[in-house]
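Below are the chains, spelled out letter by letter.
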Amino acid sequence: MGRPGADSEADLALRGLQWGEWRLIWVAGGACWLIAGGSVVLWGLPLSGRTLDGAYYFMSTPARILDYMVVFPIAVCAYRLTLAVGWKEGFTTRVRIVLVDVLLALSVVLSSRIAGAMVIGFVDGHTADMWDTLAELWRLWYVGLWGSALCFFLSPYLMGLGAIALVKVTERSQREAMLATRLSAAYAEAQLSALSAQLQPHFLFNSLHAITRLIEESPADAATMVARLGDFLRHALETSHTPWVSVATELAGLEAYLEVQRARFSEQLTVTLDVSSAALELSVPSLLLQPLAENAIEHGRGVGGEPLVLRVIVEVVAEHLRFVVFNSGPRLTAQLLAREYGCGLSNVALRLNAAYGGAARLAVGPDEQGNTAAILSLPVRRHVGGEVPLRARP
């Protein structure tokens, strides 16, 4: 299994798909402005430097080229602000975003009017026309102020914005497709690892040994433990059909596993679950929590003969799904490094990297109360169906 965080060929290919914001704007936006501006310059060649109808002066070709060169950097800043604002969920929020985008577009158009006046005055020497145009700027409602500016500059601005948006959407689709491919490959490897490392023979042997002991002492408890062991094995097999499951299904599998462990250790293990209802319909990679619980139990029990307290918290915090697995076992003095992870934690780290591309976080170390805590922070992913849910317990 690869080291978590290692730069694989898939990682390098994924980063190759990602454009820097400024690079995207200059290349995609600049290409549109070059096409639109070149078309206007070619169209205006017969009118270059002429006064039309004895009143309107049509700027020269060098002035027109300089005009576009001056306005485009302003459009670049507007594009960058548009990308920073983004496109968020919510009708009211999107109305505000549209208004901001409209204001940015109008600011570019208005700046083009100022730049046009300046180049006419300083390049073509028509200072009177320059001062007349600048004097009109305070009358924002004046149609003549916006006419030619909208014609020559709004189109390239919108073309550039559309091209940038198209590249962003394409980039996101390619990134998600590559992440899905990586997840499928990593999931197959992780599933095999889960069946070999987490359902190891000693786990099944110990469970069967506990069941044998309970058959004589409490046949009803033995039957319950067999059912819970069957629930967990069925969960592991059924979730092999899809790498993503709902939090509710993931917790059902975790509870089946914890029931087996409770039967094994009896009063030596206390388990509590604190789950937010807002998290239940979100999606997570399957078999994600069981390795954390197993790690907490295996490394936490048997310290001074004291009962082990295991607590699992599931909550949604600031558009992130957060899992916390506490145990009252050995107190760590510092957070574990990735290279110090065992097989189970390395398995989790690998699958997080495959599923979220570095946007998820796993931390294992001491909490504020001195207990040991494994904390998972995942971007919220809405459940879209397609999973095979855990069957109801008998």
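Quick caveat, the model's predicted, so the values are computed rather than measured.

Enquirer: Can you break down the nonpolar core residue by residue, with the values?
Expert: One finds Leu292, Leu321, Phe323, Leu352, Leu362, Leu376 and Leu378 to be the most contacted residues of the largest nonpolar core, which totals 44 residues. Once residues within four sequence positions are removed from consideration, Leu321 is found in contact with Val247, Ala279, Leu282, Val284, Val314, Glu315, Val316, Leu376, Ser377, Leu378 and Val380. The next biggest cluster of nonpolar side chains, apart from the first, holds 22 residues, and it includes Tyr68, Ala105, Ala115 and Ile164.

Enquirer: With reference to specific residues and values, describe the sheet that holds strand β6 (residues 308–317).
Expert: Spatially, five strands are ordered β4-β6-β7-β9-β8 in an open sheet, and the strand pairing comes out mixed. Whereas interior strands pair on both sides, the edge strands pair on one side only; in this sheet they are β4 (269–275) and β8 (361–366). Neighbour-to-neighbour, the strand axes of the sheet open up by a mean angle of 10°, direction not taken into account. Bridge count between β4 and β6: seven bridges; the pairing is parallel. Each residue of the ladder has a partner; that of Val271, found in β6, is Leu310. Sitting on the sheet, helix α9 (residues 247–265) is in contact with β4, β6 and β7 (320–327), with an inclination near 165° to β4.

Enquirer: With reference to specific residues and values, describe unusual backbone geometry.
Expert: Even without being glycine, Ala318 reaches a positive phi, approximately 50°. Mapped onto the secondary structure, Ala318 falls in the loop between β6 and β7. The phi angle at Glu319 is positive, at roughly 60°, despite the residue not being glycine. Looking at the element boundaries, Glu319 is found in the loop between β6 and β7. Assessed through its relative accessible area of 54%, Glu319 is described here as exposed.

Enquirer: Quick one: what's the story with a nonpolar patch on the surface, residue by residue and with numbers?
Expert: Nonpolar side chains collect at one region of the surface, where Ile65, Leu66, Met69, Val70, Ile114, Met118, Phe122 and Val123 lie side by side and expose about 690 Å² of accessible area between them. Looking at the nonpolar patch, the element that brings in the most residues is helix α3 (residues 61–85), giving four residues. Within the secondary structure, Ile65 sits in helix α3.

Enquirer: I'd like a description of the pattern of salt bridges, backed by residues and values.
Expert: Evaluated as defined, the whole model comprises seven salt bridges. Among the salt bridges present, the one from Asp274 reaches Arg311, with a minimum N-O distance of 3.5 Å. Placement of the pair is Asp274 in strand β4 and Arg311 in strand β6, with a sequence separation of 37 residues. A salt bridge links Glu315 to Arg322; its shortest N-O distance comes to 2.6 Å. Judged by relative accessible area, which is 24%, Glu315 ranks as partly exposed. Assessed through its relative accessible area of 30%, Arg322 is described here as partly exposed. Shared partners join several salt bridges into a network, and the residues in it are Arg228, Asp231 and Arg234.

Enquirer: Could you give an account of the packing of helix α10 (residues 289–300) against helix α11 (residues 343–356), naming the residues involved and the relevant values?
Expert: The interhelical angle for the contact between α10 and α11, taken along N-to-C directions, is 155°, at an axis separation of 9 Å. Classified by the angle between their axes, α10 and α11 sit roughly antiparallel to one another. Of the two elements, α10 crosses α11, and the hand of that crossing is left-handed. Contacts between α10 and α11 pair Pro291, Leu292 and Asn295 from the former with Gly344, Leu345 and Val348 from the latter. Across the contact of α10 with α11, the residue classes break down as four nonpolar, two polar and no charged.

Conventions adopted
Residues numbered from 1 in each chain as written. Predicted model: local features only at pLDDT ≥ 70, side-chain atom pairs only at ≥ 80, totals over all residues. Heavy atoms only, no water. Core = buried A, V, L, I, M, F, W, Y, C linked by side-chain atoms within 4.5 Å. Buried < 20%, exposed > 50% of the residue type's maximum accessible area, 1.4 Å probe, protein only. Contact = heavy atoms within 4.5 Å. Pairing = 2+ DSSP bridges. Helix = DSSP H or I, 4+ residues; strand = E, 2+ residues; numbered from the N terminus. Axes fitted to C-alpha atoms, helices over the stretch in contact; angles between N-to-C directions. Patch = residues over 30% accessible without salt bridge, like charges linked within 9 Å, V, L, I, M, F, W, Y side chains within 5 Å. Areas by Shrake-Rupley, 256 points an atom, 1.4 Å probe, with all protein chains shown as cover. Salt bridge = Lys/Arg side-chain N within 4 Å of Asp/Glu carboxyl O. Parallel < 35°, antiparallel > 145°, perpendicular 65-115°, else oblique. Left-handed = near helix turned anticlockwise from the far one by under 90°. Nonpolar A, V, L, I, M, F, W, Y, C, P; charged D, E, K, R; others polar.

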